[in-house]
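Working through the structure, step by step
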Amino acid sequence: MIHLLPLRVRWCLWLVSTPSDCESIFGDLEEEYLERSRSGDPAAGAWLRRQGQRSTGPLLRCCYERGEFHLLFALVACGYLFPLRLLDLVWTFVLSQVPLKAAAARGWTELAVAVTCSATLGAVSGWLLRAGYGRDARRRAAWLAMTVLPVAPLLVRVSPGAWPPWTSVLLTLSASAALFACVCVGEQNKPSGRPLSC
Amino acid sequence: MPKGEFLGEFELLVLLALLRLGEDAYGMRVRQEIEQRAGRETSIGAVYATLDRLEGKSLVHSAVGEATAERGGRAKRIFRVTGAGAAAVQQTQQALNAMSQGLKWAEGASR
């Protein structure tokens, strides 16, 4: 019955919870959903969807408490990159309508997007380095793919002449700083009394 | 108890639910117990996040239970309160009782 949860909710829950938590949560939701539907509750489906949506926030906070800072980077990236890109598109369109201003349209937003993407990639790599490659491999691979995919086309764009030469240094620095932060600060934030499960 | 080790309100509710449920304490039952007794609607994610935090503080420990067909073949995770967990509940309850002792609720509410 877990398929009644929207795919994006299942995907979010899977990304932010440890493998054991994820299995227990999906099992619990399925069991309670069955209980409710057997007792004739017409709102069982709505209840399941509401539970799935409301569970992501606390689990995300729990990830942060476990020292998984890559999530914070990814959230920041999603939180401001999409509006920024939209603004860039609108601004480009407006400037293209003004004579002699069309050439000034591009530049700074693409750089900001590139820096944030490389920092997110660095953060995810730091998380992978710190936690190792264990039973949580599929979730880690998904995180890596999600960050590599947007970065790859941006790196292709960083060709000689497209951006000033210092931009590649800036991108490398931002990725390295994020990687270092996730390895070192995450290690300090590791909860005591229990091995880091994820 | 040193500063920083007092239980939060929801942590206390979860630990009390675990103590009430005994052998049958797993995520779904804890959520239902809190909803029925405390009248507080809560998500399963919040329950597991709190249980993880409590396990990190060694106030509870968990073991994998049996998988059933109702759960889509997924295993239960059964939680137990440790000795330190029971002591933390007792100390927090005592602190709450000491703070609320002698308060006149009607006057306090009207202010």
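Residues numbered from 1 in each chain as written. Chains lettered and ligands numbered in written order. Predicted model: local features only at pLDDT ≥ 70, side-chain atom pairs only at ≥ 80, totals over all residues. Heavy atoms only, no water.

Within the largest apolar cluster, 44 residues are counted, with the highest numbers of intra-cluster contacts made by L7, L18 and V30 of chain B. Examining the composition of this core, we find that 7 residues originate from one element, helix 1 (residues 9-21) of chain B, more than from any other. Discounting residues that sit within four places of it in the chain, V30 of chain B has contacts with V14, A17, L18, L21 and V47 of chain B. With 5 residues, the next largest nonpolar core counts A119, A123, A178 and C182 of chain A among its residues. (Core = buried A, V, L, I, M, F, W, Y, C linked by side-chain atoms within 4.5 Å. Buried < 20%, exposed > 50% of the residue type's maximum accessible area, 1.4 Å probe, protein only. Helix = DSSP H or I, 4+ residues; strand = E, 2+ residues; numbered from the N terminus. Contact = heavy atoms within 4.5 Å.)

So, about the confidence of the model for chain A. Residue and element names in this part refer to chain A. On average, residues of chain A score 73 in pLDDT, and 70% of them reach the 70 mark or higher. Helix 2 (residues 19-38) holds the highest mean pLDDT among the elements of chain A, 89, whereas helix 6 (residues 137-157) holds the lowest, 67. Low pLDDT, under 50, characterises residues 191-198; the stretch is placed with 21 contacts to residues that sit more than four places away or in other chains. (pLDDT = per-residue confidence, 0-100.)

Our next topic: the packing of helix 2 (residues 27-38) of chain B against helix 3 (residues 44-56) of chain B. Residues and elements named next belong to chain B. Running from amino to carboxyl end, helix 2 crosses helix 3 at an angle of 110 degrees, the nearest separation of the two axes being 9 Å. By the angle between their axes, helix 2 is roughly perpendicular relative to helix 3. Here G27, M28, V30 and R31 of helix 2 come into contact with helix 3, specifically with I44, V47 and Y48. Considering only residue class, the contact of helix 2 with helix 3 consists of 5 nonpolar, 1 polar and 1 charged. (Axes fitted to C-alpha atoms, helices over the stretch in contact; angles between N-to-C directions. Parallel < 35°, antiparallel > 145°, perpendicular 65-115°, else oblique. Nonpolar A, V, L, I, M, F, W, Y, C, P; charged D, E, K, R; others polar.)

Time to look at the interface of chain B and chain A. Facing 27 residues of chain B, the contacting portion of chain A comprises 30 residues. Taken together, the links from chain B to chain A amount to 9 salt bridges. With its nearest N and O atoms 3.2 Å apart, the salt bridge here joins R29 of chain B to E35 of chain A. Between chain B and chain A we count 18 residue pairs in polar contact (both at pLDDT 80 or more) in total. When residues in the side of chain B that touches chain A are grouped by element, the largest group, 9 residues, is from helix 3 of chain B. Of the residues that constitute the side of chain B that touches chain A, the class distribution is 7 nonpolar, 8 polar and 12 charged. (Salt bridge = Lys/Arg side-chain N within 4 Å of Asp/Glu carboxyl O. Polar contact = N/O pair within 3.5 Å; in protein donor to acceptor, adjacent residues only side chain to side chain.)

Okay, the pattern of salt bridges next. Taken as a whole and judged by the stated rule, the model has 20 salt bridges over all chains. Linking D24 of chain B and R29 of chain B is a salt bridge whose minimum nitrogen-to-oxygen distance equals 3.4 Å. Residue classification places D24 of chain B among the partly exposed residues on the basis of a relative accessible area of 34%. In this structure, E55 of chain B and R77 of chain B form a salt bridge, with 2.9 Å as the shortest nitrogen-oxygen distance. Pair noted here: E55 of chain B is in helix 3 and R77 of chain B is in strand 2 (residues 75-81), with a separation of 22 residues, a long-range link. The network of salt bridges with common partners includes E32, R36 and D41 of chain A together with R31 and E35 of chain B.

Bringing the packing of aromatic side chains into the picture now. Each pair of aromatic rings is reported with the distance of its centres and the angle of its planes. Residues and elements named next belong to chain A. With the rule as written, the count across this model stands at 2 aromatic pairs over all chains. Considering the side-chain rings of W11 and W14, the 5.4 Å spacing of their centres and the 35 degrees angle between planes classify their relative orientation as tilted. With a gap of 3 residues between them, W11 and W14 both fall in helix 1 (residues 7-16), about one helical turn apart. Classification of W11 as partly exposed rests on a relative accessible area of 39%. Looking at W14, the relative accessible area reads 23%, which means it is partly exposed. (Phe/Tyr/Trp six-rings, centres within 6.5 Å; stacked < 30°, edge-to-face > 60°.)

What follows concerns unusual backbone geometry. Residue and element names in this part refer to chain B. Even without glycine at this site, S58 takes up a positive phi of about 60 degrees. Mapping S58 onto the fold places it in the loop between helix 3 and strand 1 (60-67). On the accessibility criterion, S58 (36% relative accessible area) is partly exposed.

Turning our eyes to something else, we now look at helix 1 of chain A. Of the positions making up helix 1 of chain A, those classed as buried are V9, L13, L15 and V16 of chain A. One side of helix 1 of chain A carries all its buried residues, which in axial view fall inside an arc of 165 degrees. (Arc of directions from axis to C-beta.)

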